[in-house]
Amino acid sequence: MNDGTLMPVSAAEIEWTDEADVVVAGLGVAGAAAAIEAARAGADVVALERLGGGGGAAAMSGGFIYLGGGTALQRALGFDDSVENMKSFMKAALGPGVDEAKIDVYCEGSVEHYDWLVGAGVVFDESFWGEPGWEPPHGEGLMYSGGENAAPFNATIPPAPRGHLPRRAAVTGGEQAGGYMLMKPLLDFVDDLGVRTLYDNSIRSLVVDDDGRVVGVVSRSFGNDMAIRARRGVVLATGSFAYDDTMLHDHAPQIEGRPAASIESHDGRSILMGQALGAATAHMDATEVAIFCDPQLMARGILVNGQGQRFVTEDTYPGRIGQATLLNQGGEAFVIIDEASYEEALTTESTSAMMRATPKWVCESVGELEAEIGLPTGSLSATVDLYNMHAANGTDPLFGKKSQWLKPISTPVAAYDLRGMTGGFTLGGLKTTVDSEVLHVSGVPIPGLYAAGRCTSGVCAGGYASGASLGDGSFFGRRAGVSAAAAG
């Protein structure tokens, strides 16, 4: 990349064309939350969005928001949760190397954040879905979305479902997904508060004064540049770098060429502009990884690697399975399932039923299946024998799979080929404080610059839970808006 506009521009060289107290770049969930809170604090806010409308990747997502600690929805459905249990799980599951201060404030503020979302018009159905899956099939409002009820976490941390899903809206021929139903009320709130929204307008450069304070931005709309002064602060909220090939190659090559759950405007520009000012980054190698297989199948079978060995508990959050497959097994994985379990899985409801293609191999014996796949002789047979011995007693001493999913594998037996069936998005980005100030490599905040969402390194440092991005982005987006509005 050779893009001189990434470098900061001196305010002395700028002729301002517009101004506001706070300039927000990006109108996904983080930018919308920042704009709302800045406006509610009395600031005049301008929000720039590169696309022709707001919502970003959040509007096209499933819509999970990771919340807990005893939200009204959890309580209404009879689930006990505590701030301390939520902290313990997030610190154990989202690392290694989590920002503990961010997780602490996130968990401590989670109930209030749920109430804030409800107050903003987001609706959650009082219903729970307890089956394996990426999302609930009927729009249930609550679900386990991070492996809280699976090994190894359920052995030491009391599990509670924390995946909160906005109610879907029925439309002609289908329904609006949860992400849309999250962003619609937030964007309406942005408009109601009088935030000026400039669409088809992308940020190009940060403007700094002689003291190094960020005092505005240069943006571009249909080939025309404009300079917008920020009297109090600039908030960066333009998403991840999942669609920048150079950044992926340099930092997260494991998902190079396989972005998922992201959009093409996630080009990492905010991160690069921050770095050009000396901003610190964190966990740039961290990625969420989805695996394209129906969890109902995986939970009922076993997952083996290229050596015919199990490597993960099959009834956990499928994102953990995806990470284990791509990051630890080089992307090689096979689901081994017998006919009875396969037929049972087909009777279940699932939002990923389209991933229930016919198995690639079907054989009369495990040994034959092992040969058909091309696994080392005796490897899969030994794995199945060991699994069956313990499953007959309802135990899984190797990985802790729950007894409800333990059943000896019989014949006929089949296998799904999951090689190449992963994709993901980046989790690393600008290093920020709990108040969403962007940190310089020296450890001090860069004056006038704030950031939130996937252009920052948030609560996830390695592991992931569905809803962590929308939860993190909206929570710290709010803090970015408050901090920027209070700056002077």
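Looking at an unreviewed UniProt entry, one finds the protein chain named Flavoprotein, with Gordonia lacunae as its source organism.

Thoughts on a nonpolar patch on the surface
The grouping of Leu386, Met389 and Leu398 at the surface amounts to a nonpolar patch, some 280 Å² of accessible area in total. With respect to the secondary-structure elements, methionine 389 resides in helix H14 (residues 379–391). You can call methionine 389 partly exposed: its relative accessible area is 48%.

Brief notes about helix H6 (residues 110–119)
Taken together, the buried positions of H6 are occupied by Ser110, His113, Tyr114, Trp116 and Leu117. Considered in projection along H6, the buried side chains sweep an arc of 160° and stay on one side of the axis. Two residues or fewer after H6 comes glycine 121, characterised by a positive phi angle close to 110°.

Things to note about the domain arrangement of the protein chain
The domain architecture assigned to the protein chain consists of domain 1 (1–291 + 426–488) and domain 2 (293–420). The C-alpha-based centres of domain 1 and domain 2 are spaced at 35 Å. Summing both sides of the interface, domain 1 and domain 2 together bury roughly 2300 Å²; the carbon and sulfur share of this comes to 59%. The interface formed by domain 1 and domain 2 holds 0 salt bridges in total. In this structure, the connection of domain 1 to domain 2 is made through 10 residue pairs in polar contact (both at pLDDT 80 or more). Per element, the largest residue contribution to the side of domain 1 that touches domain 2 is 4 residues, and it comes from strand S15 (residues 287–291). Split by residue class, the side of domain 1 that touches domain 2 holds 14 nonpolar, 12 polar and 5 charged.

Looking at the side chain of serine 202
Within the secondary structure, serine 202 sits in strand S11 (residues 202–208). Serine 202 sits in the buried class, given a relative accessible area of 17%. Setting aside residues up to four positions removed in sequence, serine 202 forms contacts with Arg50, Val218, Ser219 and Arg220.

Concerning the layout of surface pockets
Reported here for the second largest pocket is a volume of approximately 420 Å³. Residue lining of the second largest pocket: 23 residues in total, with Gly95, Arg320, Gln323, Asn328 and Gly463 positioned closest to the centre. Examining the composition of the lining of the second largest pocket, we find that 5 residues originate from one element, helix H11 (residues 318–329), more than from any other. Here the lining of the second largest pocket is composed, by residue class, of 12 nonpolar, 9 polar and 2 charged.

A word on the sheet that holds strand S6 (residues 142–143)
Taken in spatial order, the 4 strands line up as S4-S7-S6-S5 in an open sheet, and their pairing is mixed. With one partner strand each, in any of the chains shown, strand S4 (65–66) and strand S5 (128–129) form the two edges of the open sheet. Bridge analysis of S5 against S6 gives 2 bridges, and the strand direction is parallel. Bridge pairing in S6 places phenylalanine 128 opposite leucine 142.

Let's talk about the sheet that holds strand S18 (residues 361–363)
In spatial order, the strands read S16-S17-S19-S18; together these 4 strands make up an open sheet with antiparallel pairing. Bordering the open sheet on either side are strand S16 (302–304) and S18, each of which pairs with just one other strand. For this sheet, the mean inter-axis angle between neighbouring strands, taken without regard to orientation, is 25°. When S16 meets strand S17 (residues 334–338), the two strands line up antiparallel, connected through 3 bridges. Bridge pairing in S17 places leucine 303 opposite valine 335. Lying over the sheet, helix H13 (residues 366–373) contacts S17, S18 and strand S19 (413–417), oriented at roughly 150° with respect to S18. Sheet contacts for H14: S16 and S17; angle to S16, the most-contacted strand, approximately 150°.

Cut-offs applied
Residues numbered from 1 in each chain as written. Predicted model: local features only at pLDDT ≥ 70, side-chain atom pairs only at ≥ 80, totals over all residues. Heavy atoms only, no water. Patch = residues over 30% accessible without salt bridge, like charges linked within 9 Å, V, L, I, M, F, W, Y side chains within 5 Å. Areas by Shrake-Rupley, 256 points an atom, 1.4 Å probe, with all protein chains shown as cover. Salt bridge = Lys/Arg side-chain N within 4 Å of Asp/Glu carboxyl O. Helix = DSSP H or I, 4+ residues; strand = E, 2+ residues; numbered from the N terminus. Buried < 20%, exposed > 50% of the residue type's maximum accessible area, 1.4 Å probe, protein only. Arc of directions from axis to C-beta. Domains from an automatic or database assignment. Buried area = accessible area lost by both parts, 1.4 Å probe. Polar contact = N/O pair within 3.5 Å; in protein donor to acceptor, adjacent residues only side chain to side chain. Nonpolar A, V, L, I, M, F, W, Y, C, P; charged D, E, K, R; others polar. Contact = heavy atoms within 4.5 Å. 1 Å grid on protein atoms, 1.4 Å probe; cavity = no way out; pocket = protein on both sides within 12 Å on 5 of 7 lines; lining within 4 Å. Points joined across faces, edges and corners; volume = space filled by probe spheres on them. Pairing = 2+ DSSP bridges. Axes fitted to C-alpha atoms, helices over the stretch in contact; angles between N-to-C directions.

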